[in-house]
Amino acid sequence: MIKQPILAELQYFVKSVSLLYKGVPLKDTGALVKSALHLLEDLPSTRDAVFDYFTLVFNNAVKVYMLSAEKNLPDPSVDDEAVQEIHEALERLVTVGPTAWCPVISSWCLKLLGEVCKKHCRRRPPDIRGACNLWLSCSAIRYLLSLSALCFEKLDQREMDECINEMLVIYGTHTPFFDWVVARLGGCFPLRVMSSMLSMGVARFTGDFDQPSESEVEVLSYLGLAHESDLRKALKSTLEHVASYKQPIPYLLMLAKASETISQALVAVFLELHDENRLPTLTVLPKNWPANIGLPYVLHTVAGLLLKMKKHAIRVTLILAKMSTQHSWCQELLEMMFIELETLVLDKHTAALLEDIIRDGMREMLWSSCTSDVPYLQQVAVRLILLASFKSNSVFHQTIVYLLSVSEPAMAVSTKPHLNALVRVLGGPHGTVDVPKVKPAFETAFEKILISPCKRVECWNILHNLVELLKLERTAILGSTLRKVNCTGIMHELLDRVLKIWENFMSRERQDDTQGGGCTVRATQEVQENANEPGKRVKNERPEPMETDEQHRLGTGSRTVTYKDLIHETVRLIECMDLGKSVTIGTAQTLKLSQLLVKYFFYCLKLSTAGTSVPSGTVPESLDESLNRVYSLLSKHCGHRKAARTAALRELLEGALFLYGDLFGSQAESQAYSFDKPDDLLIRLNQKQGIALNASRATVLHAGIIGQGPKIPSKKAVGPASEMQNHLLNAIVACCQDVNDHQATIDGFSYVSLLLVEMISPDVMYNGLPWPEEDFIRVTMERDLQIQRTFRHSPILWSILGLVACYRPSLCYCSVLLRALCASALHQWRSKTAETLNGQKTDLLYMTTKLLELMALAQLLPPPLSYLHIVLEYFDGPEIAYVLKECVWNYMKDHVPSPVLFVCDPTGFHWRDPLTSRPPLQYTNPLRNTMQKKLTKVGHLYHQMFVGPELRNPSASNSGQPTQQPLVQGYIVGGSGAGDQGPKAGPSGGFAAHALGPGQEPL
């Protein structure tokens, strides 16, 4: 039985509420609220009536708010005491009272929110954010939301599911006005709400044009923005656990098409499944899709989604390209995407997918795909890069630099994916004439080498790929992509960069040879210096990591890349650039290229003396191959540019005589004598002279060491080896020889003669062609002896002069050198100590013989004087001096060795006709008389030189000008040091074989 106070409260409540429904305002609203709350607590059977009253109160409050909002007035419900008291009482009941009240109050709040929003919203809000701004400005609505959220915290798992289902039911009946409530309250349990909404959406999806609804999209997007991970979990769960007869893929794609947030989350789910290798486990059955949604429509939808994605679009595209080997629809999908993308790009519109390439860090992934062995994956990556090049040229240039830096596959395969991609990228994007320039990319690659030369593998890759690229361009057909790009022409424009790189590598190789550590040693020294100076400020206190051999390896199991490899690869690049006559290069570049080619030539020779091969990447290369490349480059470069020939010849001769003389058996002045004995006191040296010198008042110039006699060289120059000599002579021939113009060849060797005079003669005076009177040699004796010493210390000079003598009349310009050698020989043969072959002057005999050989080869001495070098060994010292004076010196004095003495035959060769250049008897009779005294030794030679020609040509004998019969004798160009009894090395086949002109005799 109801107690009397409660009954009175009930009667009061019923009476007051009845008046409210009749429209009679109450005098004391607070008393009615308190009465309703008492009844709610003490009389549960009145719960529905009390909640109806509360609904009436909140309805009135919201109604007043909406009227005020339309007039832009503040919310009057803020001052509504009834609303506040109801909120406080219900909040206290939820927090303090039994938990059974939570489901009841939450259900009432959700139903009331749905009814109020639908009843008082006269137009649909623009979106959820706008609806939240509208409704949350009302205090009554805020109280209802806070009560609902408070109740949710008190619910258990079962009650929570029931509450969510009830909310979604209300959502289904009151949408779109209730959308914002679901979006706000769904944040309390986002995963459950989104999973339930997706399941419901898949269950009722039929493929109609209005599915999914706009409300579903807005609610899921709103929740997904704040709870991205929960949205991904919900999508992943929907894909995996929905029954196969109801495929979720079309529904999810429709959601993604309508919402960017959902599309990005769906992409993240796709990538997670791919990373977990779970994509093949997904069941895709197009036959279970709605009838109006087929595979082409889905593919077209996905293609459009890929274009609009701002994140991970590139990664998804590349995954689909990889999957195309197993699923044909992947390639069909990507082709649809590329058609739309190319249309957008050519119409100068933008696409989010391209922005992903330009702004985000997806370029490395694309570059890596360009080097893939999967052809379609490589094609997709290249097409994306080329389309992005429309918007950003930097993508185009950076891609070329990356592909140039890629190394070849470790395995021996016929295809080179990185080169295939590079050729395609160089062609530029199709459909436009505004193709990005390739030159900045090559400039960047070269700057990369110059900035980081210690990254040897990367530098070698760039150079090697450029070599391969130029070779491909050379073999490409006319009109092909590579021919249009004209990489060779671009390399010609960047020749100065290539030369700078070459020079840099050469200098670093020298530093490695002298310091033995390169970049590692320098880094260690810097760290030690900083450690020794604690107060010195450094940019980075942590030392940079030391470079190891692993960092300089081309690949697993491959060899280490050294600066030698980089130098040789740079030369190959120069060779592939084909710097022919049609290529115009500056004077500075011409001179620099000549200098570097000569330095590289001597560098190869030094490698050969060290016993090392010349490696090239992973395939060793022989020394001859490298030298043949140098000869080819020198011939091509010097043959088209006179300045190049001048510089190359000067560098060659300076290197052979001074800088790299040890390669050719030369020695310095200080190396010829030993100074091991200690010097005596001056008083002891004077005592050795005795008293006779002082008493005679004579002045004596002593040459040598007092008490030991004249200085005798302790060791002699060994002379050039046969291979080294031929290498040098071949290089000189390559610089001078012009197969199309023999006169140009003669000019080249004439310049060699002038350079030799410049480098060997220590005086600028008396360097003319004429030979003076014998008495004049006293003036130039010191210079002549210096020239003789130069020939003694650098035997390679004989080989060089022998080469010059083969190209008549080039040796005429070396007249001063020949004159100095002859003068010094004449002076020494006249001395008392001069002896012949078995004596101490074998070196003098060797020098005299070589001199006469040179003059005979150059046709400076006509027959029979041209055979003096053969009979010289049978003469004594005075006889040699007599013949040199009367036959050689006098003839050369009266017949100036000038180029005008030579005539040019129709074949272009210069020679002197023996019939017109026969020496008078005054120059031959001294030789005839001397040989007649030694007929027992030289009778056979005398017959060939004098008797035989006179018998064959009596008319010439009667006239006093006998015709000479040629004497077959091989000429030896080079040789070892003085006293060598073995065969001497001759010039290589490049210049030794010459067609003899009319009247020329082989020597």
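Residues numbered from 1 in each chain as written. Predicted model: local features only at pLDDT ≥ 70, side-chain atom pairs only at ≥ 80, totals over all residues. Heavy atoms only, no water.

A. Just the overall build of the chain, in detail. Counting secondary structure elements, the chain contains 46 helices and four strands. Within the chain, buried positions represent 50% of all 1003 residues. Look at the contacts in the chain between residues 6 or more apart in sequence, and 76% of them connect residues 24 or more apart. Per element, the accessible surface of the chain, about 48,500 Å² overall, is 53% carbon and sulfur. (Helix = DSSP H or I, 4+ residues; strand = E, 2+ residues; numbered from the N terminus. Buried < 20%, exposed > 50% of the residue type's maximum accessible area, 1.4 Å probe, protein only. Contact = heavy atoms within 4.5 Å. Areas by Shrake-Rupley, 256 points an atom, 1.4 Å probe, with all protein chains shown as cover.)

B. Quick peek at a nonpolar patch on the surface. Together, Val764, Met765, Tyr766 and Val779 give the surface a local cluster of nonpolar side chains, amounting to about 420 Å² of exposed area. Using a relative accessible area of 77% as the deciding quantity, one classes valine 764 as exposed. (Patch = residues over 30% accessible without salt bridge, like charges linked within 9 Å, V, L, I, M, F, W, Y side chains within 5 Å. Salt bridge = Lys/Arg side-chain N within 4 Å of Asp/Glu carboxyl O.)

C. How the structure looks around the packing of aromatic side chains. One pass over the structure, following the stated rule, counts 21 aromatic pairs. Ring pairing ties together the aromatic residues Phe51, Tyr53, Phe54, Phe58 and Trp108, which thus form one cluster. For the cation-ring pair, arginine 383 lies above phenylalanine 338, with the distance from its terminal atom to the ring centre recorded as 4.0 Å. (Phe/Tyr/Trp six-rings, centres within 6.5 Å; stacked < 30°, edge-to-face > 60°. Lys NZ or Arg CZ within 6 Å of the ring centre and 35° of its normal.)

D. The nonpolar core, seen in detail. Within the largest apolar cluster, 298 residues are counted, with the highest numbers of intra-cluster contacts made by Phe54, Phe442, Trp502, Ile732, Leu756 and Leu927. When residues in this core are grouped by element, the largest group, eleven residues, is from helix α30 (residues 587-609). Discounting residues that sit within four places of it in the chain, tryptophan 502 has contacts with Ile567, Thr570, Val571, Ile574, Leu593, Leu596, Leu597 and Tyr600. (Core = buried A, V, L, I, M, F, W, Y, C linked by side-chain atoms within 4.5 Å.)

E. Summary view of the environment of leucine 463. Along the chain, leucine 463 turns up in helix α24 (residues 456-475). For leucine 463, a relative accessible area of 1% puts it in the buried group. A C-alpha to C-alpha distance of 9.6 Å links leucine 463 and valine 498, two positions 35 residues apart in sequence. If we ignore the near neighbours within four places in the chain, the residues touching leucine 463 are Ile449, Phe505, Leu566, Glu569, Thr570 and Leu573.

F. Molecular detail of unusual backbone geometry. Residue proline 176 follows threonine 175 across a cis peptide bond; omega there is 5°. Here proline 176 lies in the loop between α8 (157-174) and α9 (179-185). For the bond running from arginine 808 to proline 809, omega is 5°, close enough to zero to count as cis. Mapped onto the elements of the fold, proline 809 is located in the loop between α38 (796-806) and α39 (815-829). Although it is not a glycine, asparagine 486 sits at a positive phi angle of roughly 60°. The phi torsion at aspartate 578 lies on the positive side, around 55°, for a residue other than glycine.

G. Representation of helix α21 (residues 393-404) in the model. In this model α21 runs 17 Å from its N-terminal to its C-terminal C-alpha over twelve residues, within 8% of the 16 Å that 1.5 Å per residue would give. For α21, the complete set of buried residues consists of Val395, Phe396, His397, Thr399, Ile400, Val401, Leu403 and Leu404. (Expected span 1.5 Å × (residues − 1).)

H. Here's a closer look at the confidence of the model for the chain. Overall, the predicted model of the chain reaches an average pLDDT of 79, with 79% of residues at or above 70. A low-confidence stretch, residues 696-702 stays under pLDDT 50, and its non-local contacts, those more than four residues away or across chains, total three contacts. (pLDDT = per-residue confidence, 0-100.)

I. Main features of the side chain of threonine 924. Mapped onto the secondary structure, threonine 924 falls in helix α43 (residues 921-932). Residues in contact with threonine 924, not counting those within four places in the same chain, are Pro864, Leu865, Pro919 and Phe946.

J. Local environment of the pattern of salt bridges. Counted under the stated rule, the structure contains 29 salt bridges. In this structure, arginine 232 engages glutamate 272 in a salt bridge whose closest nitrogen and oxygen atoms are separated by 3.6 Å. A residue pair is termed long-range when its members are at least 10 positions apart, and arginine 232 in helix α12 (residues 228-241) and glutamate 272 in helix α14 (residues 260-275) qualify at 40 residues. The salt bridge involving glutamate 458 is made with lysine 448; its shortest N-O contact spans 2.5 Å. Within this pair, whereas glutamate 458 is found in helix α24, its partner lysine 448 is found in helix α23 (residues 439-451), the two being separated by ten residues in sequence. A relative accessible area of 33% places lysine 448 in the partly exposed class. Within this structure, Arg232, Lys236, Glu240, Glu272, Glu276 and Arg278 form a network of salt bridges that share partners.

K. Expanded view of the environment of glutamate 569. Note on placement: glutamate 569 falls in helix α29 (residues 563-576). Taking the relative accessible area as the measure of exposure, glutamate 569 reaches 1% and is therefore buried. As for glutamate 569 and cysteine 459, which are separated by 110 residues in sequence, their C-alpha atoms are 9.8 Å apart.

L. Highlighting the packing of α38 against helix α40 (residues 842-857). Between α38 and α40, the shortest axis-to-axis distance is 8 Å and the interhelical angle comes to 20°. By the angle between their axes, α38 is roughly parallel relative to α40. Like other packed secondary-structure pairs, α38 and α40 cross with a definite hand, here left-handed. Contact with α38, carried on its side by Trp798, Leu801, Gly802, Ala805 and Cys806, involves Tyr846, Met847, Lys850, Leu851, Leu854 and Leu857 of α40 and no other residues of that element. Split into classes, the residues belonging to the contact of α38 with α40 amount to nine nonpolar, one polar and one charged. (Axes fitted to C-alpha atoms, helices over the stretch in contact; angles between N-to-C directions. Parallel < 35°, antiparallel > 145°, perpendicular 65-115°, else oblique. Left-handed = near helix turned anticlockwise from the far one by under 90°. Nonpolar A, V, L, I, M, F, W, Y, C, P; charged D, E, K, R; others polar.)

M. Highlighting helix α17 (residues 328-346). Between its first and last C-alpha atoms α17 spans 27 Å; for 19 residues at 1.5 Å apiece the expected length is 27 Å, and the two agree. Listing the buried residues of α17 in full gives Cys330, Leu333, Leu334, Met336, Met337, Phe338, Leu341 and Val345. One or two positions beyond α17, positive phi appears at lysine 348, with a value near 65°.

N. Quick look at the packing of helix α16 (residues 313-323) against helix α20 (residues 375-388). At a closest axis distance of 8 Å, the pairing of α16 and α20 adopts a crossing angle of 150°. As the angle between them shows, α16 and α20 are arranged roughly antiparallel. Crossing handedness for the pair α16 and α20: right-handed. Where α16 approaches α20, its residues Ile314, Thr317, Leu318, Ala321 and Lys322 are matched on the opposing element by Tyr376, Leu377, Val380, Ala381 and Leu384. In terms of residue class, the contact of α16 with α20 is made up of eight nonpolar, one polar and one charged.

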